[in-house]
Structure formats: C-alpha cells, structure tokens
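# Survey of secondary and tertiary structure
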Amino acid sequence: MIRLAALLCLLGACTERRPEPEPARPAPAVEPREPPRASVEPVVSTEPLPGGATYELHRFPIDLRRARFEVIDTAFDRTLAGVLAERGATVVVNGGYWDPERQPEGLTVVGGRTLVPFDDDLGGGVLVVDGGRARLLDAEAGPPALPAGVDFAQQCMPRLVVDGAVNVRATNRRADRTALCLREGGRALELVVARTGDGARGRQGPTLHALAEKLAALGCEQALNLDGGPSSGVAWRQGGEVRELASRVGVKLAVAVHLTPDVVERGAVPGAQSSHVER
C-alpha cells in the first residue's frame with residue numbers, strides 16, 4: 001500500500017496539505033505630521049512712561065530673504081492667534097487702515113497686482129518689499145513710483161523715523177502701538193509692538209513722538225506706524241509654542257509674516273519676499 005500511494009503521488013494523484021494563509025492585518029495608522037513651522041524670538045525691553053508707569057517693547061526680527069507677507073481683512077471676527085493658526089504664519093500683528101464703510105484703505109500691492117488703491121488723504125508712507133530688501137517711501141506728495149512686479153507694498157501712517165531722525169511732532173496722545181523698523185539700508189526689518197499692562201486697556205502707551213524717539217535711539221533708519229490703541233496685539237510661534245499678546249478689541253486688518261522653518265533665530269538678519277491680501 002505504501003508503494004502504491006507513493007506511485008500515485010508521482011503520477012500527480014495525491015495532494016499536499018499546505019497551511020492556511022494568515023488573514024491580512026491592517027497597517028498601523030500613521031498620525032499625520034504637521035509641517036515644520038518657523039519660530040521667532042522677540043527682543044523685549046521695559047521702557048518708561050510718564051508718572052512712573054512702563055510699557056514693554058517687543059521687537060520681532062524678520063529675515064526678508066525668506067519671508068512672505070499677507071494683509072488679512074479679519075472683519076473684526078478673528079483673533080490674531082486665530083489668524084496665525086488659520087494661515088500657518090510665523091507672526092501676526094494688527095496693522096492697516098479702513099474707511100467709514102469698513103473697507104481697507106491705503107495702497108496694498110501683492111505680486112505686482114494692486115489690491116487696494118493709493119489713498120491721497122491717508123498720506124504717510126509706503127513700505128515696499130522686493131527682492132529681499134525693504135524701503136519706506138514718502139506718500140505725502142502722492143503715490144510713489146514702485147518697481148514693476150513688486151513683491152509687497154502697504155501704505156500706513158505716519159512715518160515715525162526718516163533717515164534716522166524723528167519725523168513726528170510731540171503730542172500728549174498715548175496708546176499701545178504697532179510699527180515697523182528698517183535697518184542696514186533695508187536689509188533688516190523688525191515688527192515692533194509697544195504694550196502696556198491690562199489695566200491700561202491699550203490707551204496709556206507711548207505717544208507717537210516717544211515711540212519714534214525710542215526707535216531712532218535703537219538705530220532704526222526708517223520707521224512706520226502701522227496702528228495703535230486697544231487693537232494693538234501680536235501672536236507668534238516661539239520654540240514650538242504659540243504665544244499671544246491679545247488685542248483688547250476686535251481687529252479689522254492683520255499683517256501676517258510667513259518664514260521658512262530654518263530662518264529666524266535671535267539676532268538673525270531681518271528681510272521679505274511676497275504677499276497676499278485676504279478678505
């Protein structure tokens with residue numbers, strides 16, 4: 001019988017038992033990874049105010065070689081931290097002006113395209129960022145000439161510092177403020193936020209003249225006021241965390257800066273590339 005069974009197997013008449021295949025196992029779930037985000041560390045100093053009060057001056061260095069700018073119409077219904085998260089930005093401040101109909105006003109140019117026209121009544125100055133360099137142009141005598149296809153331009157007022165000298169008159173009007181500072185012939189840019197404590201409610205910060213004096217003393221060659229009052233605030237990414245000095249009232253316009261992940265460290269050379277206005 002054994003020989004017959006072996007012969008039948010040789011003739012293909014027997015079958016070999018094979019183990020049943022194991023059921024396929026689902027691959028382990030892979031958690032989606034967030035793209036790396038750039039970080040920025042402000043330089044913070046405590047500055048004196050009349051009557052013995054103080055305010056904190058936050059200066060955010062922006063590397064213009066690897067930065068992109070947006071101006072976002074938040075319609076008073078988004079926080080600066082919310083804009084930061086929504087847009088994936090590195091730092092967001094309030095900045096810009098609007099008319100009685102709550103429409104943005106002041107020249108805004110993105111990628112060579114004019115999104116908001118020049119406003120003769122606003123005057124002030126126009127920040128121009130192009131090719132990794134920044135300039136602050138006079139807007140009091142009419143629209144300045146811009147290079148074709150300019151990356152970014154925004155009109156605000158007033159110009160605080162011009163060629164290293166204070167450019168505003170002394171007044172008694174005090175408030176928290178946001179501004180920008182240019183150094184090194186436009187190769188370095190800083191976003192500047194002057195903030196008082198919560199009890200001041202954004203109305204007891206430096207005057208425009210006092211802020212201009214401070215920025216000139218810090219070496220700003222040009223400086224432009226972006227906004228002021230209780231809307232002044234900032235949100236930023238630092239060391240993997242989101243931090244915020246929240247505005248005390250709703251914000252209409254926000255300036256967002258996007259930096260590539262390997263760019264900004266404390267003391268880095270500041271600068272910018274392109275922009276977008278979002279409503």
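### A closer look at the sheet that holds strand 15 (residues 188-195)
Strand-to-strand pairing in sheets goes through backbone hydrogen bonds, with the strands running parallel or antiparallel. As summarised here, the arrangement of the seven strands in space is 1-2-15-14-16-12-13, forming an open sheet in which the pairing is antiparallel. The outermost strands of the open sheet, each flanked by one partner alone, are strand 1 (43-48) and strand 13 (165-166). Of the pairings in the sheet, the one linking strand 2 (residues 54-62) to strand 15 comprises seven bridges and is antiparallel in character. Its bridge partner lying in strand 15, Pro61 is registered against Glu190. The sheet contacts of helix 3 (residues 208-217) involve strand 1, strand 2, strand 12 (159-162), strand 13, strand 14 (177-183), strand 15 and strand 16 (222-228), and relative to strand 12 the element is tilted by about 30°.

### A closer look at the pairing of strand 4 (residues 91-94)
Going residue by residue along strand 4, you find Val91 and Val93 tucked away on one face and Val92 and Asn94 tucked away on the opposite face as well. Summarising the sheet, strand 4 and strand 17 (residues 234-238) pair through three bridges and their orientation is antiparallel. Within the sheet, the bridge partner assigned to Val91 lies in strand 17 and is Trp236. Of the pairings in the sheet, the one linking strand 4 to strand 19 (residues 253-259) comprises four bridges and is antiparallel in character.

### Brief notes about the confidence of the model for the protein chain
Here the protein chain shows a mean pLDDT of 86. Residues at 70 or above account for 81%. Note that residues 6-11 has pLDDT below 50 and, in this model, three contacts with residues that lie over four places away or in other chains. Of the regions scoring below 50 in pLDDT, residues 263-279 engages in 72 contacts with residues more than four places distant in sequence or in other chains.

### A few points about helix 3
The set of residues buried in helix 3 consists of His209, Leu211, Ala212 and Leu215. The arc enclosing the buried residues of helix 3, seen along the axis, measures out at 160°, which places them on a common side. Buried residues along helix 3 sit against strand 2, strand 12, strand 13, strand 14, strand 15 and strand 16. Once helix 3 finishes, Gly219 follows within two positions and takes phi at roughly 95°, a positive value.

### Let's talk about the packing of aromatic side chains
Counted according to the given criterion, the structure contains three aromatic pairs. With a centroid separation of 5.1 Å and 65° between ring planes, the pair formed by Phe60 and Trp236 is classed as edge-to-face. With a gap of 176 residues between them, Phe60 in strand 2 and Trp236 in strand 17 connect regions that are remote in the sequence. The pair formed by Phe60 and Trp236 is uniform in burial state, with each residue classed as buried.

Analysis parameters
Residues numbered from 1 in each chain as written. Predicted model: local features only at pLDDT ≥ 70, side-chain atom pairs only at ≥ 80, totals over all residues. Heavy atoms only, no water. Pairing = 2+ DSSP bridges. Helix = DSSP H or I, 4+ residues; strand = E, 2+ residues; numbered from the N terminus. Contact = heavy atoms within 4.5 Å. Axes fitted to C-alpha atoms, helices over the stretch in contact; angles between N-to-C directions. Buried < 20%, exposed > 50% of the residue type's maximum accessible area, 1.4 Å probe, protein only. pLDDT = per-residue confidence, 0-100. Arc of directions from axis to C-beta. Phe/Tyr/Trp six-rings, centres within 6.5 Å; stacked < 30°, edge-to-face > 60°.

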